[in-house]
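# Structure assessment
Listed below are the residues making up each chain.
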Amino acid sequence: ILNVEQSPQSLHVQEGDSTNFTCSFPSSNFYALHWYRWETAKSPEALFVMTLNGDEKKKGRISATLNTKEGYSYLYIKGSQPEDSATYLCALGFYFGTGTSLTVIP
Amino acid sequence: DAGVIQSPRHEVTEMGQEVTLRCKPISGHNSLFWYRQTMMRGLELLIYFNNNVPIDDSGMPEDRFSAKMPNASFSTLKIQPSEPRDSAVYFCASSVGASGGYTFGSGTRLTVV
């Protein structure tokens, strides 16, 4: 079982603010890193799959970077909107972090 | 495609009873995963199958839990006998290969009283 850690555990930001959070993982035996968005009462939805050191992925206002050598990935949200409120999970292979819960205050 | 289909959505059962959760993966996906979600531990991998074969069941909590995948379109997770500490949301997910992004089902909320 791999130890995937996410920080912060929760985050409150004002609408329009940009924000970012971190996923840390063991840098050895890296395979693939996934980011998911999980809204309350729904199931997790895949955002990005990242496999190469230095990877940058973008979907609308959300982007992610990957550093496999130091064992971290950042997820950025530019100009947060209330609809971005969700829990953001990262997973290394099959193993999930406990997520960052984002609340965007209108 | 209708996505990953899980049933039932909710299950309330008495301690000691057998519980069976069901999952139909997306057609063409050859990897299937069972996860348990709790407040304390988040999403825990219980077991995963590749091409219907169980590959890693090290996350199955104890012998009361068993999982099968008799064919590419169906899997079950069984708990016998159930205990109150088994209460959680159980998710099934499938993917093309084990490294692809997973598609999750809607989950089964299990309550054991």
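Quick note: structure is the one above.
Model, not experiment: these values are computed from the prediction.

### Notes on the interface of chain B and chain A
Accessible area lost upon the coming together of the parts is a frequently used measure of interface size. Chain B puts 17 residues into the contact, and the matching count from chain A is 16 residues. Here chain B and chain A share an interface that buries about 1,300 Å² over both sides, 67% of which is from carbon and sulfur atoms. Taken together, the connections running from chain B to chain A amount to 0 salt bridges. On inspection of chain B and its partner chain A, the count reaches 4 residue pairs in polar contact (both at pLDDT 80 or more). Sorting the residues of the side of chain B that touches chain A by element identifies β4 (31-38) and β5 (42-50) of chain B as the ones contributing at least two each. Looking at the side of chain B that touches chain A residue by residue, the class counts come to 9 nonpolar, 6 polar and 2 charged.

### Quick look at the sheet that holds strand β7 (residues 62-67) of chain A
Adjacent strands of a sheet form backbone hydrogen bonds with each other and so pair up, either parallel or antiparallel. Residue and element names in this part refer to chain A. Read from one edge to the other, the open sheet built from 5 strands follows the order β1-β3-β8-β7-β6, with strand pairing classed as antiparallel. A single partner strand is all that each edge strand has here, and the edge strands are β1 (5-7) and β6 (56-59). For this sheet, the mean angle separating the axes of adjacent strands, direction not counted, is 15 degrees. Looking at chain direction, β1 and strand β3 (residues 19-24) are connected through 3 bridges and run antiparallel. Paired with glutamate 5 across the two strands is serine 24, which belongs to β3.

### Quick look at the nonpolar core
Judged by nonpolar contacts, the single largest core of 40 residues is most densely connected at Trp35, Tyr88 and Phe96 of chain A together with Tyr35, Tyr102 and Phe104 of chain B. Ignoring sequence-local partners within four residues, the contact set of tyrosine 88 of chain A consists of Gln6, Phe21, Trp35, Tyr36, Arg37, Leu47, Ile62, Leu75, Ile77, Gly99, Thr100 and Leu102 of chain A. The next biggest cluster of nonpolar side chains, apart from the first, holds 21 residues, and it includes Ile47, Met60, Ala67 and Leu77 of chain B.

### Some remarks on the side chain of serine 82 of chain B
Residues and elements named next belong to chain B. Tracing the backbone shows serine 82 in the loop between β8 (74-79) and β9 (88-95). A polar contact of 3.5 Å, which involves the side chain of serine 82, links it to the backbone oxygen of glutamate 14. Not counting residues up to four positions away in its chain, the partners in contact with serine 82 are Thr13, Glu14, Met15, Gly16, Gln17, Val19, Arg64 and Val112.

### Things to note about the pattern of salt bridges
Taken as a whole and assessed by the stated rule, the structure comprises 10 salt bridges over all chains. Across the pair glutamate 39 of chain A and arginine 37 of chain A runs a salt bridge whose closest N-O atoms are separated by 2.8 Å. Under the relative-accessibility criterion, arginine 37 of chain A is labelled buried at 13%. Taking the shortest distance from any N to any O, the salt bridge between arginine 64 of chain B and glutamate 83 of chain B comes out at 3.5 Å. Of this pair, arginine 64 of chain B sits in the loop between β6 (53-56) and β7 (65-71) while glutamate 83 of chain B is found in the loop between β8 and β9, placing the two residues 19 residues apart along the sequence. Residues participating in the shared-partner salt-bridge network are Glu62, Arg64, Glu83, Arg85 and Asp86 of chain B.

Thresholds applied
Residues numbered from 1 in each chain as written. Chains lettered and ligands numbered in written order. Predicted model: local features only at pLDDT ≥ 70, side-chain atom pairs only at ≥ 80, totals over all residues. Heavy atoms only, no water. Contact = heavy atoms within 4.5 Å. Buried area = accessible area lost by both parts, 1.4 Å probe. Salt bridge = Lys/Arg side-chain N within 4 Å of Asp/Glu carboxyl O. Polar contact = N/O pair within 3.5 Å; in protein donor to acceptor, adjacent residues only side chain to side chain. Helix = DSSP H or I, 4+ residues; strand = E, 2+ residues; numbered from the N terminus. Nonpolar A, V, L, I, M, F, W, Y, C, P; charged D, E, K, R; others polar. Pairing = 2+ DSSP bridges. Axes fitted to C-alpha atoms, helices over the stretch in contact; angles between N-to-C directions. Core = buried A, V, L, I, M, F, W, Y, C linked by side-chain atoms within 4.5 Å. Buried < 20%, exposed > 50% of the residue type's maximum accessible area, 1.4 Å probe, protein only.

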